[in-house]
Amino acid sequence: MESFENSEFENEPEALPEDPVEPQRSPDHDGAWHAAGTGRRESPYANAPYEMNHQARYGYDSAPTPPTHKPVKKPRKPIWKPIIAGVLAVALVAGGCGITATMVNKRWETREQALTEKINVLQKQIENTTSSVKGTLVPTDGSAMTPSQLYAACVDSVVAITSTVTSTGIYGNTSTGTSSGSGFILTADGYIVTNYHVVEGATDLTVTTYDGTEYPAELKGKDATNDVAVLKVEGTDMPAVTLGSSHDLVIGDMVAAIGNPLGKLAATQTIGYVSGINREVATGGVTTISMIQTDAAINPGNSGGPLFNMYGQVIGITTAKYSGTTNSGASIEGIGFAIPIDDVSAMFTDLIDYGYVTGAYLGVSVENVDEEAASRYGLPTGAYVAKVEEGHAAEKAGIQVKDIITDVGGHSVSNITDLTRALRSFKAGDNTTVTVNRGGKQLTLEITLDERPQQTDEQAPETTQPTPDSGSFDDWYEYFRRYFGG
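Attention here is on the structure that accompanies the text. Numbering of residues begins from 1 in every chain and follows the order in which that chain's sequence is written. Local features in this predicted model are restricted to residues of pLDDT 70 or higher, and side-chain atom pairs are both shown and tallied only at a pLDDT of 80 or more, whereas totals for entire chains, interfaces and linings draw on every residue. Side-chain measures here rest on the full set of heavy atoms in the structure, leaving out hydrogens and waters.

**Describing the nonpolar core**
Most often, soluble globular proteins have nonpolar side chains that are buried together.
Argument step 1. Counting residues in each nonpolar core, the largest one holds 32 residues, and the members touching the most others are Leu 150, Ile 258, Ile 317, Val 344 and Phe 348.
Argument step 2. Strands are runs of DSSP state E lasting at least two residues, helices are runs of H or I lasting at least four, and both sets are numbered from the N terminus onward. Put simply, the parts of the chain that give this core at least two residues each are α3 (147-154), β5 (191-194), β8 (228-232), β10 (254-259), β14 (313-325), β15 (331-340), α5 (341-344) and α6 (347-353).
Argument step 3. Setting aside its immediate chain neighbours within four residues, Phe 348 contacts Leu 186, Val 193, Val 230, Leu 243, Ile 317 and Ile 341.
Argument step 4. Side-chain atoms within 4.5 Å link the members of a nonpolar core, which is a set of buried Ala, Val, Leu, Ile, Met, Phe, Trp, Tyr and Cys residues. Any residue under 20% of the maximum accessible area for its type is buried, any over 50% is exposed, and the rest in between are partly exposed; the area is computed with a 1.4 Å probe on protein chains only. Among the nonpolar cores identified, the runner-up in size contains 23 residues, and Ala 360, Ala 383, Val 385 and Ala 393 belong to it. Any two residues whose heavy atoms approach within 4.5 Å at even a single point are treated as in contact.

**Considerations on helix α9 (residues 416-423)**
Argument step 1. Among the 8 residues of α9, 6 are classified as buried, and the element is accordingly described as predominantly covered.
Argument step 2. Every buried residue of α9 is listed here: Ile 416, Thr 417, Leu 419, Thr 420, Ala 422 and Leu 423.
Argument step 3. What qualifies as a polar contact is a pair of N or O atoms within 3.5 Å, subject to a donor-acceptor requirement within protein and to the restriction that residues adjacent in sequence count only when both atoms come from side chains. The N-cap residue of α9 is Asn 415: its side-chain oxygen and the backbone nitrogen of Thr 417 are 3.2 Å apart.

**Section: the pairing of strand β19 (residues 404-408)**
Argument step 1. Of all 5 residues that make up β19, 5 are buried, and the element is covered over most of its length.
Argument step 2. At least two bridges found by DSSP between two strands is the condition for calling them paired. Pairing between strand β18 (residues 382-388) and β19: 2 bridges, direction antiparallel. Counted as the bridge partner of Ala 383 is Ile 405 from β19.
Argument step 3. Taken together, the 4 bridges between β19 and strand β21 (residues 431-438) define a ladder with antiparallel strand orientation. By the bridge assignment for β21, Asp 407 is matched with Thr 435.
Argument step 4. Across 2 bridges, β19 lies against strand β20 (residues 411-412) in antiparallel orientation. Note that in β20 the partner of Asp 407 across the bridge is Ser 412.
Argument step 5. The turn linking β19 back onto β20 is made up of 2 residues, and Gly 409 within it adopts a positive phi angle of 55 degrees.

**A word on the side chain of Ser 182**
Argument step 1. Looking at the secondary structure, you find Ser 182 in strand β4 (residues 174-185).
Argument step 2. At a separation of 2.6 Å, a polar atom in the side chain of Ser 182 contacts the main-chain carbonyl oxygen of Gly 301.

**Regarding the packing of aromatic side chains**
Aromatic rings considered in pairs are described by the distance between their centres and by the relative angle of their planes.
Argument step 1. By convention, a stacked pair of Phe, Tyr or Trp rings (six-membered ring in the case of Trp) has centres within 6.5 Å and planes under 30 degrees apart, an edge-to-face pair has planes over 60 apart, and any other such pair is tilted. This model, assessed by the stated rule, comprises 1 aromatic pair.
Argument step 2. For the pair Tyr 354 and Tyr 356, a centre-to-centre distance of 6.4 Å together with 50 degrees between the ring planes defines the contact as tilted.
Argument step 3. Its relative accessible area of 18% is what places Tyr 356 among the buried residues.
Argument step 4. For Lys 232, the ring lying beneath its charged end belongs to Tyr 191, and the centroid distance is 5.3 Å. To sit over a ring, a charge needs its Lys NZ or Arg CZ within 6 Å of the ring centre and within 35 degrees of the ring normal.

**Focus: α3**
Argument step 1. Every buried residue belonging to α3 is among Gln 149, Leu 150, Tyr 151, Ala 152 and Cys 154, and all of these are buried.
Argument step 2. Buried residues along α3 sit against β3 (158-168), β10, β11 (268-280) and β13 (306-309).

**Observations concerning the environment of Ser 157**
Argument step 1. Assignment of secondary structure puts Ser 157 in the loop between α3 and β3.
Argument step 2. Its relative accessible area of 5% is what places Ser 157 among the buried residues.
Argument step 3. With near-sequence residues (within four places) excluded, Ser 157 lies in contact with Gly 183, Phe 184, Ile 185, Pro 239, Ala 240 and Val 241.

In structure tokens:
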């Protein structure tokens, strides 16, 4: 396509004169006007503007004159609409501000309440983690504690017990002495648990708490066979212990004993491990003391005190120890014993309510049939009946001397400890079965259990002689045999 600079228009119009001469006009016969001196007919539009001459000359149509229209008046909008709209807008804005303010207030109140609750929880945790032992914090999430944490958490629940004992000599003379032991607070209203041999024969009892407060105490109940007793002091809001379970103990578990060794060193803690379980340190009778063995230091004065697991729960009552040397001259170290709490905790209610244990009673004296004897004579392991008490449940059921009891009410019996624990599952008056081996034959007998007779001081094992501080293994064996029915 050629540019306009290089191309020429066809029929390009001639240039108009710069100063056109006014033509002479004369009418023609056809009414047209001719320009003078030009020989051309003058256009009737000669005096029209140049643009019109130019357009007429080259045959262009002139632009039509736009029609004239009268302006149309727009209808007025009602004035009340914007006024109402404005009022509504203002109302919405005000309402929105009110709603926003209410929401902010509610959010602030919710946050303030949540913060207050958190502060209260933290305050309770602080209160629960502080103790009378300055500077020691105790976990509250149930986790195991360090020895220092355990001491801080539990020492307030351990007490020292002082007994005043009046005795009569062989010549009728009387003497008064004191003995000391330990105990622990069972309930917040002042019930205290200890060993029977700590309070045996006492005419006056005093309980001293960790903070030094002294309380006169009353003996509420005792059971010499199981070596437990319950005292009562007039206290309120006392820091009671938490009872645990001795059932799941295994050798190697860490334990702690807190007590009053030697009657002078109050609130002493010793740490050790479970060295053995189900140690039968007494034999004979219908019950036996099956103990936890520990290497935690147990000394005279510790008797009746608690043995704790590392969660701060009482799992035993410290009772005795071996010390001194054997007949061969070997030293005895780190052999202490505690009564499993599961074996005696059910007795506490009876001792508080009745003063004695009202458990089920079979009415026999038994001995163990150990595995060696059972293997040698072809006998089953169990509790060998050495004596049947006249008029009691065993005689009425047909149990005889030389029978071997192997089961009571579905509880397997392989030794005296098993028999004792089986009877704890029943109460007086219960009907159950007893399985015995008689001359190689197995018999199952129906039995109605008696209530265990209340034991008087005259019937209790003689334990007026204090626990020896030292001695040979044979001396200790003789002590337990004599004073606990062996």
